[in-house]
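# Coordinate analysis (summary)
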Amino acid sequence: MVAKQPHFSPKQVASALQASESSVKRWCDRGAISTVRTVGGHRRITLEALQSFLIESQRQLETPEALGLPNQVSTVQYGTLIPGGDDPDQVAFRDSLAAGDEAECDRIVQRLIASGSTRAEVVEWLITDAMHGIGEAWDCKNLDAYQERRGCGICTRLVYKLRSQLAPVAPGTPIAIGGTLADDPYELPTTMVELALRENGWNAINLGTNLPADSMLRAARDYQPRVVWLSISSISNPEQFVSQFNELAEGLNSETSLLVGGRALTDEIRPRLKYTSHCDNIRSLVQLANILRG
């Protein structure tokens, strides 16, 4: 036999939300909260309808005990909306990121580092997983655009915080530079590469986003790096991109390796590009860079 869902009155829900009863009734009448009606015509709200409202409105129950619910039910859960890894830390990080809880995201990151994981490992394990999932949830309209943008901002700040915890670069450390080319505004991936390389003994310098190929090439001539990386998350004009990419590749000296990666490097685009190696993830990029360093 299927268990019967609990039904709550607008007054009970208002008490749990710490909102006015008239507001809850108005939300019900507007369809923001789905309701059923008793025989006498009174509004009643199921637990499922309440949970849907909490997710869509980014609210939480301030006093769940008013509904006879345990405290943990008050937390908005996004796990079923955001695809990704099923490890509890990954699920918790995705939930916290989607909810905009930067402090909790930071706590999860720092706890994993304290337990022995490297910063690069944590970034790939948590942030890459979460941002892929949030992006897919946004595409499917399970999350709003602002939640995806906010998540990017939180993750970028977390990466910069992790970078600030590293020791200063020692003199003579091999140099790597990188960023994104023109019309690619995505900052997070290239900051993650910079962190991973710096943690692994490189003087890695993130040049930023939206760089023209000739500017990136001038930077390569100034720095004389052993490695140049390009994070490629967006290509608005494939023909123009291929042209500027190969202009950069051909302008690098023979002792500089060009490492590339990113979601926009499709099977149609990649064969047209000149580079040293394509890396599917940060781990493989770091491994290859360390081989090149010798």
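As the structure is a computational prediction, the values presented were derived from the model and not from experiment.

Reading the values: the criteria
- Residues numbered from 1 in each chain as written.
- Predicted model: local features only at pLDDT ≥ 70, side-chain atom pairs only at ≥ 80, totals over all residues.
- Heavy atoms only, no water.
- Buried < 20%, exposed > 50% of the residue type's maximum accessible area, 1.4 Å probe, protein only.
- Helix = DSSP H or I, 4+ residues; strand = E, 2+ residues; numbered from the N terminus.
- Pairing = 2+ DSSP bridges.
- Right-handed = clockwise from strand over helix to strand, strands pointing away.
- Contact = heavy atoms within 4.5 Å.
- Polar contact = N/O pair within 3.5 Å; in protein donor to acceptor, adjacent residues only side chain to side chain.
- Salt bridge = Lys/Arg side-chain N within 4 Å of Asp/Glu carboxyl O.
- Core = buried A, V, L, I, M, F, W, Y, C linked by side-chain atoms within 4.5 Å.
- Phe/Tyr/Trp six-rings, centres within 6.5 Å; stacked < 30°, edge-to-face > 60°.

### Let's talk about the pairing of strand E6 (residues 227-231)
Burial of E6 is extensive: five of the five residues sit out of reach of the surface. Side chains of E6 alternate between two faces, with Val227, Trp229 and Ser231 and Val228 and Leu230 buried alike. Bridge count between strand E4 (residues 175-179) and E6: four bridges; the pairing is parallel. Each residue of the ladder has a partner; that of Ala176, found in E6, is Val227. Relative to strand E7 (residues 257-261), E6 runs parallel, the two being bridged by five bridges. In the sheet register, Val228 faces E7, and the bridge partner there is Leu258. For the segment spanning E6, helix H10 (residues 238-251) and E7, crossover handedness is right-handed.

### Quick look at the environment of Thr256
Of note, Thr256 is situated in the loop between H10 and E7. Classification of Thr256 as buried rests on a relative accessible area of 10%. With 216 residues separating them along the chain, Thr256 and Gly40 place their C-alpha atoms 78 Å apart. With residues near it in sequence (within four places) discarded, Thr256 still touches Pro225, Arg226, Val227 and Val228. Among the polar contacts made by the side chain of Thr256, one reaches the main-chain carbonyl oxygen of Pro225 at a distance of 2.9 Å. Among the polar contacts made by the side chain of Thr256, one reaches the side chain of Asn253 at a distance of 3.0 Å.

### Regarding the side chain of Gln90
Relative to the assigned elements, Gln90 resides in helix H4 (residues 88-98). In contact with Gln90, not counting residues within four places along its chain, are Gly85, Trp125, Leu126 and Asp129.

### Description of the pairing of E7
Of all five residues in E7, five are buried; the element is thus mostly enclosed. Of the strand pairs in this sheet, E7 and strand E8 (residues 277-278) are connected by two bridges, and their pairing is parallel. Its bridge partner being in E8, Leu259 is matched across the sheet by Ser277.

### Quick word on the pattern of salt bridges
Summed over all chains, the structure comprises 14 salt bridges. Here Glu21 makes a salt bridge to Lys25, at a shortest N to O gap of 3.4 Å. Of this pair, Glu21 and Lys25 both sit in helix H2 (residues 21-30), four residues apart, roughly one helical turn. By relative accessible area, which is 29% here, Lys25 ends up partly exposed. The partner of Arg163 in a salt bridge is Glu194, and the shortest N-O contact between them spans 3.2 Å. With a gap of 31 residues between them, Arg163 in helix H7 (residues 145-164) and Glu194 in helix H8 (residues 188-199) connect regions that are remote in the sequence.

### Some points on the nonpolar core
Grouped together as the largest cluster of nonpolar side chains are 43 residues, with contacts concentrated most on Phe93, Leu97, Val109, Val123, Ile127 and Leu197. If one sorts the elements of this core by residue count, helix H6 (residues 119-139) sits on top with nine residues. The contacts of Val123, once residues within four sequence positions are left out, are Thr128, Val159, Leu162, Met192, Leu195 and Ile282. If you look at the next biggest cluster of nonpolar residues, it comprises 24 residues, including Leu181, Leu252, Leu265 and Ile269.

### Overview of the sheet that holds E6
The strand order E5-E4-E6-E7-E8 describes an open sheet built from five strands, whose pairing is parallel. The sheet terminates laterally at strand E5 (203-206) and E8, the two strands that pair on one side only.

### A closer look at the packing of aromatic side chains
Taken as a whole, this structure holds two aromatic pairs when the rule is applied. Between Trp27 and Phe53, the ring centres sit 5.2 Å apart and the planes meet at 35 degrees, which makes this aromatic pair tilted. Of this pair, Trp27 sits in helix H2 while Phe53 is found in helix H3 (residues 47-57), placing the two residues 26 residues apart along the sequence. You can call Phe53 buried: its relative accessible area is 4%. Their ring planes at 45 degrees and their centres at 5.8 Å tell us that Phe241 and Phe245 sit as a pair that is tilted. Of the two residues, Phe241 and Phe245 both sit in helix H10, four residues apart, roughly one turn of that helix.

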